[in-house]
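# Structural description and commentary
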Amino acid sequence: MHVSFISLLFTYICVILAIAFFTLLERKGLSYIQIRKGPNKVGFMGLPQPLADAAKLLIKEVAKPTMANYSPYFIAPIFSFILALLLWQLYPSIYATGYFKWGLLFFLCVSSLNVYGTLLAGWASNSKYALLGSLRAIAQTISYEISMALILLFPLFLSGKFSFTEIVEDQEIIWLAPLMLPIALLWFVTCIAETNRAPFDFAEGESELVSGFNIEYGSVGFALIFLAEYSNILVMSLFSSVLFFGGSSLFAVSSDLGMTFKVLFFAFAFIWVRASYPRFRYDFLMQLTWKGFLPAALSSLLLISMFMFI
């Protein structure tokens, strides 16, 4: 038990460090795409910049809005951060702290709870801007979770297993992505919408020029919310590589090393998409999921189920 706790703590520390330096990668990537330097003043090439940002946030005074509902206001960032860390228990590695036989169901259960953290943050702030931002984010997240659950059935049907580790092992000969490339593309776009990333970052309001549901947060609360957001980006990149590009024998001797490169590729794709596309209209986003992704996923699922049971 003691060894397991130390291993779990070490895993979470590594995740937090990965999130911190992923923010640096994003700032550097966006800056070079926009033909500028990005962070380069703090230390060598700006590498300690994430540590400086963390220190700045942690030493700031904790904001306490006068009209906020204090208990849920302070619980919401912690709740979102805990849910984001829980998903890392599903990492398919020989160094993992536990084995989840029903990992795919666990992923669906935990990811569906994310909307409650957003709702709590927007409602407890007692600000109309925060509430409107949270309602937009919740409607978007729920809409895309339906398509995401249906898309998850494709690798489940092809492998016949719920464990991410076993799904990876089944792809040592051939990846699932070439077998169902349109579904893999739908999954990636769904991941972008699920994490509220550009061009689907509709929690932020253009007309009111505020950050959305987290507008009343600063200091530690703000840091926890964005740690949860970037953790979800990395974990969705992980699951993208696991579900559709699981086997690593073609690219690396070490499966963990191959998985790392694939996760980095998908994580950078999030940054690339943000730098390439402007924000869409909200009604286009909702039409995309309800009139595009949902019928496509249902019809494709019907087709593959017919082939399986013939």
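Look up a bit, the structure's there.
This text gives an overview of the structure that appears in the document. (Residues numbered from 1 in each chain as written. Predicted model: local features only at pLDDT ≥ 70, side-chain atom pairs only at ≥ 80, totals over all residues. Heavy atoms only, no water.)

### Focus: the overall build of the protein
When helices and strands are counted, the protein shows 11 helices and zero strands. The order of helices and strands in the protein, counted from the N terminus, is α-α-α-α-α-α-α-α-α-α-α. Relative to the compact-globule value of 19 Å for 310 residues, the protein shows a C-alpha radius of gyration of 20 Å, a close match. In terms of its C-alpha atoms, the protein occupies a principal-axis envelope of roughly 65 × 45 × 45 Å. Buried positions account for 47% of the 310 residues belonging to the protein. Look at the contacts in the protein between residues 6 or more apart in sequence, and 79% of them connect residues 24 or more apart. Side-chain charges in the protein split into 18 positive and 17 negative, and the spacing between the mean points of these groups amounts to 8 Å. (Helix = DSSP H or I, 4+ residues; strand = E, 2+ residues; numbered from the N terminus. Rg over C-alpha atoms; globule rule 2.2 N^0.38 Å. Buried < 20%, exposed > 50% of the residue type's maximum accessible area, 1.4 Å probe, protein only. Contact = heavy atoms within 4.5 Å. Lys, Arg positive; Asp, Glu negative; His and termini not counted. Charge placed at Lys NZ, Arg CZ, Asp CG, Glu CD.)

### Side note on a nonpolar patch on the surface
Taken together, Phe 5, Ile 6, Leu 9, Ile 13, Leu 17, Phe 21 and Leu 51 make up a surface patch of nonpolar side chains, about 660 Å² in accessible area. Tallying contributions element by element places helix H1 (residues 2-33) first for the nonpolar patch, with six residues. By secondary structure assignment, the location of Leu 51 is in helix H2 (residues 49-58). (Patch = residues over 30% accessible without salt bridge, like charges linked within 9 Å, V, L, I, M, F, W, Y side chains within 5 Å. Areas by Shrake-Rupley, 256 points an atom, 1.4 Å probe, with all protein chains shown as cover. Salt bridge = Lys/Arg side-chain N within 4 Å of Asp/Glu carboxyl O.)

### Details of the nonpolar core
Ranked by internal contacts, the top residues of the largest apolar core, which has 62 residues, are Phe 107, Trp 187, Met 236, Leu 238, Phe 239 and Phe 244. Considering every element that reaches this core, the biggest residue donor is helix H9 (residues 219-244), with 11 residues. For Phe 107, the residues in contact, after removing those within four places along its chain, are Leu 87, Leu 90, Met 148, Leu 152, Phe 164, Trp 187, Met 236 and Phe 239. Core analysis: the second largest hydrophobic core is formed by 10 residues, Tyr 73, Ala 121, Ala 137 and Tyr 217 among them. (Core = buried A, V, L, I, M, F, W, Y, C linked by side-chain atoms within 4.5 Å.)

### Here we look at the pattern of salt bridges
Scanning the model with the defined rule gives six salt bridges in all. Ionic pairing is found between Arg 197 and Glu 26, a salt bridge with its closest N-O pair at 2.4 Å. Linking Arg 197 in the loop between helix H8 (181-194) and H9 with Glu 26 in helix H1, this pair joins segments that are 171 residues apart in sequence. Judged by relative accessible area, Arg 197 falls into the buried class, the value being 3%. We note a salt bridge from Arg 274 to Glu 26, for which the minimum N-O separation is 2.7 Å. Placement of Arg 274 in helix H10 (residues 255-276) and of Glu 26 in helix H1 is noted, with a sequence separation of 248 residues between them. By relative accessible area, which is 3% here, Glu 26 ends up buried.

### Quick look at H2
When H2 is considered as a whole, its buried residues turn out to be Gln 49, Pro 50 and Leu 57. One side of H2 holds all its buried residues, which, seen down the axis, span an arc of 100°. (Arc of directions from axis to C-beta.)

### Digging into helix H4 (residues 103-112)
Gly 103, Leu 104, Phe 107, Val 110 and Ser 111 are the residues of H4 that are buried. The arc that holds every buried residue of H4, seen down its axis, measures 130°, which confines them to one face. Its buried side turned inward, H4 meets helix H3 (70-86), helix H5 (114-124), helix H6 (128-159), helix H7 (164-169), H8 and H9.

### Digging into the packing of H4 against H5
Contact geometry of H4 with H5 gives a least axis separation of 4 Å together with a crossing angle of 10°. As the angle between them shows, H4 and H5 are arranged roughly parallel. Here H4 contributes Val 110, Ser 111 and Ser 112 to the contact with H5, which in turn contributes Asn 114, Val 115 and Tyr 116. (Axes fitted to C-alpha atoms, helices over the stretch in contact; angles between N-to-C directions. Parallel < 35°, antiparallel > 145°, perpendicular 65-115°, else oblique.)

### Examining the environment of Glu 194
When you line up the elements, Glu 194 lands in helix H8. For Glu 194, a relative accessible area of 11% gives the class buried. Through-space distance from the C-alpha of Glu 194 to that of Ile 142 is 8.5 Å; in sequence the pair is 52 residues apart.

### Examining the packing of aromatic side chains
In this structure the tally under the stated criterion is 19 aromatic pairs. When the ring of Phe 107 is compared with that of Phe 239, the centres are 4.8 Å apart and the planes differ by 70°; the resulting orientation is edge-to-face. Here the residue Phe 107 occupies a position in helix H4, and Phe 239 occupies one in helix H9, the gap between them amounting to 132 residues. For the pair Phe 107 and Phe 239, one class covers both residues: buried. Judged by centre distance (5.6 Å) and plane angle (50°), the rings of Phe 245 and Phe 266 are tilted. Taken as a pair, Phe 245 in the loop between H9 and H10 and Phe 266 in helix H10 lie far apart in primary sequence, 21 residues in all. Note on Phe 245: relative accessible area 22%, which makes it partly exposed. Of the aromatic side chains, those joined through ring pairs into one cluster are Trp 175, Phe 188, Phe 245, Phe 265, Phe 266 and Phe 270. The cationic tip of Arg 281 hangs over the ring face of Phe 284; the distance from NZ or CZ to the ring centre is 4.3 Å. (Phe/Tyr/Trp six-rings, centres within 6.5 Å; stacked < 30°, edge-to-face > 60°. Lys NZ or Arg CZ within 6 Å of the ring centre and 35° of its normal.)

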